[in-house]
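# Breakdown of the fold
The lines below spell out each chain.
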Amino acid sequence: MSSSPEETAPYGTGTAATTPRPGDAPPRRRRVRTRHLREMKERGERFSMLTSYDQYTAAIFDEAGVEVLLVGDSASNNVLGNATTLPVTVDELIPLARAVARAAPHSLVVADLPFGSYQRSAEQAYDTAVRFMKEAEPDCVKLEGGAEMAPQIELLTRGGIPVMAHIGFTPQSEHALGGYRVQGRGEAAEQVMAAARAVEAAGAFAVVMEMVPADIAAQITTELSIPTIGIGAGAHCDGQVLVWTDAFGLRTGTMARFVKQYADLHGVLLQAATAYRDDVRAGTFPADEHSF
């Protein structure tokens, strides 16, 4: 009998065969694949997604059972110090995606295609995606846009590269959209719904919906057969995603309405760094036990 993880029960199930009994070894976790997200949607199970940009957060989030890790172009303004996502380059994102992919043996790893690296043509998108798949080894890529991105999604999918789409508010188009604004209110609702249908028809395996009214996101989630992932799109999406530095309080200041903070890592690190500084100044570190 094969020992391949593919022989185990479907991801996310809690059947008697996979539920450990007292004294049993814990069940072996399997690697999440794109098809598992669709199977979870079909079973009515929700899944989680977080951004990650380095080996340590990737390993922790993977251990926590977060199903999807996104090496987002949000690294631009969460790692590299830029004001927006626009300046980050392919060459800057590939090492981050490689680190996350190496450190997360179970989570599905998604690499963002940055601004300017895929919009010009389907061929440009394919060349960029191939670089990511070869040099960083994620499981799939993500790009922003609706019907206008159908040729890109179709070519990548046909070439064996799974694509996660991103509609609604698309940060790479913030200047064209007039800033950070909810998309799909009133008469614009049909535009967002049409975008969702278009990316599914083009072959996307999932779609992120950002800053879309909850009722519209719920309708899209019901209509589509592929999983939907919300960020500021209400509770009825199949999955949810947050930028980890927002969700866990490493970043401070005003947060978007859709952010829930689960920790105050800024406070923890500030306290630790202050204690270290004080020990050094007082001469209490290093002590004898820290010396050879």
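Residues numbered from 1 in each chain as written. Predicted model: local features only at pLDDT ≥ 70, side-chain atom pairs only at ≥ 80, totals over all residues. Heavy atoms only, no water.

### Notes on the UniProt feature "binding site: Mg(2+)" (unreviewed entry) in the protein chain
- This chain's UniProt record puts "binding site: Mg(2+)" (unreviewed entry) on Asp 73, Asp 112 and Glu 144. On the basis of their most widely separated C-alpha atoms, the annotated residues across 72 residues gather in one place, lying no more than 10.9 Å apart. Of the annotated set named above, Asp 73, Asp 112 and Glu 144 line the largest pocket.
- Looking at where Asp 73 falls in the secondary structure, it is placed in the loop between β2 (68-71) and α3 (75-78).
- For Asp 73, a relative accessible area of 5% corresponds to the buried category.
- Those residues in contact with Asp 73 that lie beyond four places of it in its chain are Thr 85, Val 88, Leu 93, Asp 112, Glu 144 and Gln 172.
- With respect to the helices and strands, Asp 112 occurs in strand β3 (residues 108-112).
- Owing to a relative accessible area of 2%, Asp 112 belongs among the buried residues under this scheme.
- Those residues within four positions of Asp 112 in sequence are excluded, and the remaining contacts are Leu 70, Val 71, Gly 72, Asp 73, Leu 93, Phe 132 and Lys 142. (UniProt positions renumbered as here; feature names shortened; annotations may be inferred. 1 Å grid on protein atoms, 1.4 Å probe; cavity = no way out; pocket = protein on both sides within 12 Å on 5 of 7 lines; lining within 4 Å. Helix = DSSP H or I, 4+ residues; strand = E, 2+ residues; numbered from the N terminus. Buried < 20%, exposed > 50% of the residue type's maximum accessible area, 1.4 Å probe, protein only. Contact = heavy atoms within 4.5 Å.)

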